[in-house]
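# A structural walkthrough
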Amino acid sequence: MRNSLAAQLPATSAEAGGLGALSVLAAVIRRDLLLALRRKSEVLTSLFFFVIVVSLFPLGIGPEMALLRIIAPGVLWVAALLAAMLSLQRLFATDYADGTLEQMVLSPAPLGLLVMGKIVAHWLVTGLPLVLIAPLLGLQYDLAPQALGILMLSLLIGTPLLSLIGAIGAALTLGVRGGGVLLSLLTLPLYIPALIFGAGAVEADISGLGAVGHLSLLAALLALSVFFAPWATTASLRIALE
Amino acid sequence: MLTAIDLACVRGDRRLFANLGFNLESGGRLHVTGENGSGKTSLLRMLCGLSPPEAGEIRWQGETIARQGDEYRKAVLYLGHHNALKEELTALENLRTTAALAGVAIDDAKGVELLGRVGLAGREELPVRFLSQGQKRRVALSRLLWSAAPLWVLDEPFVALDSAAVTWLADIVGKHLSAGGMAVLTSHQEVEIAAGKAQTVRLTQ
């Protein structure tokens, strides 16, 4: 029956042809990046938040280089966690409100793939800018060039982890009243391992212990969450839509 | 063929309907009627597989939809209360993204042509937030033009449309039915659809 129908609608379906899973993934990423481009203020909010929070500490503490060097990794990482939190609530909320999420669930492509696309776009928009600006902010804390490199690397591995774990929280709190606060309570504890190993990598490098161990553990966490986070997010989204 | 057997729906503490069954054959349409809050949208979401029925079973071509996964999702087109449009994106971008999500590639020229057919010629590059309610609905309805899904599930498709668009939509649904498709729809308006065997399910509380 389906074939006969498709045969009678040749102008559209047959000519257009089917799309592979990867192009569906690319379409989701492209859409979310385009949306980010049109809603610049939302994107810039978390970046400016990161810049301002990190810059407030040296101003508050004063020019005590030794102290600043010690607190630098922790401050930068905590600021990155909070900046990532800021944008999480909107990750699925707008799609939920305008009905796009229903269409994503009903898409023939696996929902996990579409969710992955949204997470990648979220990282490109909110995580990557933090990675790129972090060395500049690290200068305020008198970090050595090598420590700045490690900081960047730890954020490069760590910020995708924040987007992945955050997506689970965002999906779980979808449609819940006061979801924003609940999202922080739910997600921030899950960020603790990323914080420990991320900030730990920079501290280890500064104290001369070598950052490889911390970075490997951070990368292991990332690999684990790439595997599990889309699955958990998908399950939560289906529950939210029921 | 879409078959529903002994469906029941519970929302909160209230049982909206129970023991609901029907058989929708190729070329048939099912009108779901009932008062506000009688469970029409819940039934339609169930038929799409968005929410599992409290009791009973929904079968597509003889097999439970829960076990079919993407096979069934390819066969269904669902148009809900929400238009599933992004306000910041243009009508054309919305159309192309929606199609890509459903696994259909549509290029710009084709997209412009399709939007022309729903009466939005010249407004392809306008962000959707500048369109009227009826025009947004038309952008959403453009999905009916490229979809190859045999089963259309339309929740209040005529809302916000002007009389010309209502006639156009009834015509499109009629063509879909004569081509062997099926449609399940809710509507508070009386609309003439020429083709197809009509059935009505009335939800009462």
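Residues numbered from 1 in each chain as written. Chains lettered and ligands numbered in written order. Predicted model: local features only at pLDDT ≥ 70, side-chain atom pairs only at ≥ 80, totals over all residues. Heavy atoms only, no water.

A few words now on the sheet that holds strand E3 (residues 28–34) of chain B. Residue and element names in this part refer to chain B. One open sheet holds the five strands; their spatial order is E6-E7-E8-E3-E9, and the pairing between them is parallel. Looking at which strands have only one partner, the edges of the open sheet turn out to be strand E6 (76–79) and strand E9 (197–203). Mean inter-strand twist for the sheet, computed between neighbouring axes without regard to direction, equals 15 degrees. Pairing between E3 and strand E8 (residues 182–186): four bridges, direction parallel. Note on E8: the bridge partner recorded for histidine 31 is leucine 185. (Pairing = 2+ DSSP bridges. Helix = DSSP H or I, 4+ residues; strand = E, 2+ residues; numbered from the N terminus. Axes fitted to C-alpha atoms, helices over the stretch in contact; angles between N-to-C directions.)

Let's shift gears to the state of the cysteines. All names here are of chain B. Taken as a whole and assessed by the stated rule, the structure comprises zero disulfides over all chains. Cysteine 48 supplies the cysteine sulfur nearest to cysteine 9, a cysteine that is in no disulfide, at a spacing of 13 Å. Cysteine 9 gets classed as buried once you look at its relative accessible area, which sits at 2%. Looking at cysteine 48, the relative accessible area reads 3%, which means it is buried. (Disulfide = S-S within 2.5 Å. Buried < 20%, exposed > 50% of the residue type's maximum accessible area, 1.4 Å probe, protein only.)

Note: most residues except glycine have negative phi, and most peptide bonds are trans. Residue and element names in this part refer to chain B. The phi torsion at aspartate 6 lies on the positive side, around 50 degrees, for a residue other than glycine. With respect to the element layout, aspartate 6 can be found in strand E1 (residues 2–11). Look at alanine 84: it is not a glycine, yet its phi comes out positive at around 55 degrees.

Time to look at the packing of aromatic side chains. All names here are of chain A. Enumeration over the complete set of coordinates arrives at two aromatic pairs over all chains. Arranged with centres 5.2 Å apart and planes meeting at 90 degrees, the rings of phenylalanine 227 and phenylalanine 228 form a pair that is edge-to-face. When its relative accessible area of 62% is taken as the criterion, phenylalanine 227 is described as exposed. According to the relative accessible area criterion, phenylalanine 228 is partly exposed, its value standing at 42%. (Phe/Tyr/Trp six-rings, centres within 6.5 Å; stacked < 30°, edge-to-face > 60°.)

Attention shifts here to the side chain of B:Asp155. Residues and elements named next belong to chain B. When you line up the elements, aspartate 155 lands in strand E7 (residues 151–155). For the buried aspartate 155, which has no salt bridge, the nearest side chain bearing the opposite charge is arginine 137, at an N-O separation of 6.9 Å. One polar contact links aspartate 155 to histidine 81, side chain to side chain, over a distance of 3.4 Å. Apart from the residues within four sequence positions on either side, aspartate 155 is in contact with Thr41, Leu44, Tyr78, Leu79, Gly80, His81, Arg137 and Thr186. (Lys, Arg positive; Asp, Glu negative; His and termini not counted. Salt bridge = Lys/Arg side-chain N within 4 Å of Asp/Glu carboxyl O. Polar contact = N/O pair within 3.5 Å; in protein donor to acceptor, adjacent residues only side chain to side chain. Contact = heavy atoms within 4.5 Å.)

Looking at chain B as a whole, the pLDDT averages 88, with 100% of positions reaching at least 70. Overall fold confidence (pTM) sits at 0.89, and the ipTM for the predicted complex is 0.89. (pLDDT = per-residue confidence, 0-100.)

What follows covers the interface of chain B and chain A. Taken residue by residue, the interface counts 44 residues in chain B and 39 residues in chain A. Between chain B and chain A lies a buried interface of about 3,600 Å² when both sides are counted; carbon and sulfur atoms form 59% of it. The largest per-residue losses of area from chain B upon contact with chain A belong to B:Arg73, B:Lys86 and B:Leu101, which jointly make up 21% of the total buried on that side. On the surface where chain B and chain A come into contact, there are five salt bridges. The residue makeup of the side of chain B that touches chain A, split by class, is 22 nonpolar, 11 polar and 11 charged. (Buried area = accessible area lost by both parts, 1.4 Å probe. Nonpolar A, V, L, I, M, F, W, Y, C, P; charged D, E, K, R; others polar.)

The next subject is the environment of A:Ser216. The residue A:Ser216 is located in helix H11 (residues 212–241) in this model. Separated by 62 residues in sequence, A:Ser216 and A:Ser154 place their C-alpha atoms 9.8 Å apart.

It is worth spelling out helix H1 (residues 40–48) of chain B at this point. For H1(B), the buried fraction is high: eight of the nine residues fall into the buried class. Among all positions in H1(B), only B:Lys40, B:Ser42, B:Leu43, B:Leu44, B:Arg45, B:Met46, B:Leu47 and B:Cys48 are buried.

What follows deals with the sheet that holds strand E2 (residues 14–24) of chain B. Residues and elements named next belong to chain B. With antiparallel pairing, the four strands of this open sheet are ordered in space as E2-E1-E4-E5. With one partner strand each, in any of the chains shown, E2 and strand E5 (63–64) form the two edges of the open sheet. Two strands pair when backbone bridges link them, and E1 and strand E4 (residues 55–60) are joined in this way by five bridges, in the antiparallel orientation. Residue pairing for E4: threonine 3 is matched across the bridge by arginine 59. The strands that H1 touches are E1, E2 and E4; relative to E1, the one it contacts most, it runs at about 130 degrees.

Residue and element names in this part refer to chain A. Taking 1.5 Å of rise per residue, the 28 residues of helix H10 (residues 179–206) would be expected to cover 40 Å, and the 39 Å separating its terminal C-alpha atoms lies within 8% of that figure. Of the residues making up H10, those classed as buried are Gly179, Leu183, Thr187, Tyr191, Ala194, Gly198, Ala199, Gly200, Ala201, Val202, Ala204 and Asp205. Those residues of H10 hidden inside the fold are in contact with helix H5 (65–88), helix H9 (145–172) and H11. Remark: glycine 208 follows H10 within two positions and exhibits a positive phi of approximately 85 degrees. (Expected span 1.5 Å × (residues − 1).)

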